Amino acid sequence: MFEQLDSLLIRYDEVNELLSDPIVIADSNRLRELTIEEADLRPKVEKIRRYKEVEAEIEDTEAMLSEESDDDILAMAKEELASLKAENEQLQEDIKLLMLPEDPNDGKNIIMEIRGAAGGDEAQLFAGDLLNMYTKYADKQGWKTEVLDANITGIGGYKEVTLMITGNKVYSKLKFENGAHRVQRVPQTESQGRVHTSTATVVVMPEAEEIDFELDENDIRVDIYHASGAGGQHVNKTASAVRLTHIPTNTVVAMQDERSQIKNREKAMKILRARVYDQVRSQAQSEYDSERKLKVGTGDRSERIRTYNFPQSRVTDHRIGLTLQQLDSVLSGNLDEIIDALVLYDQSQKLEELNGPAL
């Protein structure tokens, strides 16, 4: 472990030297990679340096105790030693967490797809509630949101909506939102006051850039056609709608929201790249098929990660057994308590798998 910690300190110094190299500064991709690496290493290095300082202070204090005879000084030294050992134990735990294997996508922006699933109109209305919840949560985090595509129903719900969220470590916080979200409430159209159960599915994909993987243009079929539906005179006169098909994976993205064919193509390409990247990286895992079913499934009522119960003002995350009587607060974007609990659970699971010796 000491060898690994020392190698991180050496690498951190190397990265800082490279960041001041004119050749690196002139290469925007390389500069970006190193800037991200420096930001990732910095908290680890700060903890490691303090850990080494405390280790040295403990050694010096123990040496003092073996040589000192003055009672007052001995009492002070013992108190200091106890404090240092407590800090040392905490630093070991902190460093263990920082040294856990990281998801390489944690620092990325995301593309989120929300779809009304089981439950008809009520499911589509709930998809709109989830969109509002995540948008408000993003605002509280200082992130930016952009709706890339939306299929809005006549009653104001969403058959599906695609949202891009950009900011600091967005994927690390929202990656656990993958799955079926269940709502239990009395629909506005229910005359007898009966509680209905509906679901909406959420898919969270890290934004994929060209440096992440190569998306061969020759594998993409581009179709240009006239937009349909509301939109004014340009709908019938301008061929601005774009449909991209990634032939190897049969992934299709159609976009017609913008008047400009170029803008529609840019939006469609962002979504296509994210979907293909998500599929490619997931297929690299041996349990891809089963994991994908658990994360998204068909949207059936039984396949759920979280339930939002309106009559009891209750939110329950079934994966970690967390229940909050704060439905209104959660739907207003106050997701920190749930997300922090999911992150902590994930870290504890990884620590159990690591089960390594103390530093």
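Refer to the preceding data block for the structure.
These figures come from a predicted structure and were not determined experimentally.

Engineer: Please explain the overall build of the protein chain as it appears in this structure.
Structural biologist: Within the protein chain, the secondary structure is distributed over 11 helices and 11 strands. For the protein chain, the residues scored as buried account for 39% of the 359 residues in total. Contacts in the protein chain between residues far apart in sequence, at least 24 positions, make up 61% of those at least 6 positions apart. When the accessible surface of the protein chain is split by element, carbon and sulfur atoms take 47% of a total near 19700 Å².

Engineer: Before we go on, may I ask you to explain the layout of surface pockets in this structure?
Structural biologist: Where empty space is left becomes clear once a probe the size of a water molecule has been rolled over the atoms. Its volume calculated, the largest pocket comes out at about 1200 Å³. Asp40, Glu102, Asp106, Gly107 and Lys169 are, among the 35 residues lining the largest pocket, the residues nearest its centre. Among the elements of the structure, helix 3 (28–67), helix 4 (71–98), helix 6 (170–174) and helix 11 (336–354) are those that each provide at least two residues to the lining of the largest pocket. With 9 residues, helix 3 is the single largest residue contributor to the lining of the largest pocket. When the residues that make up the lining of the largest pocket are grouped by side-chain class, the tally is 12 nonpolar, 5 polar and 18 charged. In terms of domain composition, the lining of the largest pocket takes at least three residues from each of domain 1 (2–99) and domain 2 (110–210 + 296–355).

Engineer: Please explain the packing of helix 3 against helix 4 as it appears in this structure.
Structural biologist: To describe two helices that pack against each other, one gives the angle between their axes and the distance between the axes. Contact geometry of helix 3 with helix 4 gives a least axis separation of 9 Å together with a crossing angle of 155°. By the angle class used here, helix 3 and helix 4 are roughly antiparallel. The hand of the helix 3/helix 4 crossing is left-handed. Looking at the contact of helix 3 with helix 4, its residues break down into 15 nonpolar, 3 polar and 11 charged.

Engineer: For this particular structure, what's the right way to read the side chain of Lys44?
Structural biologist: Its location among the elements puts Lys44 in helix 3. In this structure, Lys44 is in contact with Leu8, Leu98 and Glu102, ignoring residues within four places of it in sequence.

Engineer: Any chance you could explain the sheet that holds strand 7 (residues 241–246) here in plain terms?
Structural biologist: Consider a sheet: its strands pair through backbone hydrogen bonds, and that pairing is either parallel or antiparallel. If you walk across this open sheet you meet the 3 strands as 6-7-8, and the pairing is antiparallel. Only two strands of the sheet have a single neighbouring strand rather than two, namely strand 6 (220–225) and strand 8 (251–255). Between one strand axis and the next, the sheet turns by 15° as a mean value, whatever way the strands run. In this structure, strand 7 lies alongside strand 8, joined through 5 bridges in antiparallel fashion. Within the sheet, the bridge partner assigned to Val242 lies in strand 8 and is Met255.

Engineer: I tried to follow the pairing of strand 9 (residues 306–309) on my own but got confused; where do I start?
Structural biologist: Residues in a regular strand point their side chains to alternate faces of the sheet. Judged by which residues are buried, strand 9 turns out to be covered on both faces: Arg306 and Tyr308 on one side and Thr307 and Asn309 on the other are all buried. Judged from the 4 bridges that link them, strand 9 and strand 10 (residues 314–317) form a sheet pairing that is antiparallel. When the bridges of strand 10 are listed, Arg306 appears paired with Asp317. From the end of strand 9 to the start of strand 10, which pair antiparallel, there are 4 residues, and Ser313 there has a positive phi angle of about 50°.

Engineer: I'm lost on the side chain of Arg314 in this one. Help?
Structural biologist: You can see Arg314 is positioned in strand 10. Excluding residues that lie within four positions of it along the chain, Arg314 makes contacts with Gln184, Thr307, Tyr308, Asn309, Thr323, Leu324, Gln325 and Leu327.

Engineer: Whenever I open this one, helix 4 confuses me. Can you help?
Structural biologist: At 3.6 residues per turn, the α-helix brings residues three or four places apart onto the same side. An ideal rise of 1.5 Å per residue puts 40 Å on 28 residues; helix 4 measures up with 40 Å between its terminal C-alpha atoms. Restricting attention to buried positions, one finds in helix 4 the residues Leu74, Ala77, Leu81, Leu84, Asn88, Leu91, Gln92, Asp94, Ile95 and Lys96. Here helix 4 starts with a cap whose side-chain oxygen sits 2.9 Å from the backbone nitrogen of Asp72, and that cap is Asp70.

Engineer: Would you mind going over the environment of Pro104 with me for this structure?
Structural biologist: On the secondary structure map, Pro104 appears in the loop between helix 4 and strand 1 (110–116). For the pair Pro104 and Pro206, spaced 102 residues apart in sequence, the C-alpha to C-alpha distance is 10.0 Å.

Reading the values: the criteria
- Residues numbered from 1 in each chain as written.
- Predicted model: local features only at pLDDT ≥ 70, side-chain atom pairs only at ≥ 80, totals over all residues.
- Heavy atoms only, no water.
- Helix = DSSP H or I, 4+ residues; strand = E, 2+ residues; numbered from the N terminus.
- Buried < 20%, exposed > 50% of the residue type's maximum accessible area, 1.4 Å probe, protein only.
- Contact = heavy atoms within 4.5 Å.
- Areas by Shrake-Rupley, 256 points an atom, 1.4 Å probe, with all protein chains shown as cover.
- 1 Å grid on protein atoms, 1.4 Å probe; cavity = no way out; pocket = protein on both sides within 12 Å on 5 of 7 lines; lining within 4 Å.
- Points joined across faces, edges and corners; volume = space filled by probe spheres on them.
- Nonpolar A, V, L, I, M, F, W, Y, C, P; charged D, E, K, R; others polar.
- Domains from an automatic or database assignment.
- Axes fitted to C-alpha atoms, helices over the stretch in contact; angles between N-to-C directions.
- Parallel < 35°, antiparallel > 145°, perpendicular 65-115°, else oblique.
- Left-handed = near helix turned anticlockwise from the far one by under 90°.
- Pairing = 2+ DSSP bridges.
- Expected span 1.5 Å × (residues − 1).
- Polar contact = N/O pair within 3.5 Å; in protein donor to acceptor, adjacent residues only side chain to side chain.

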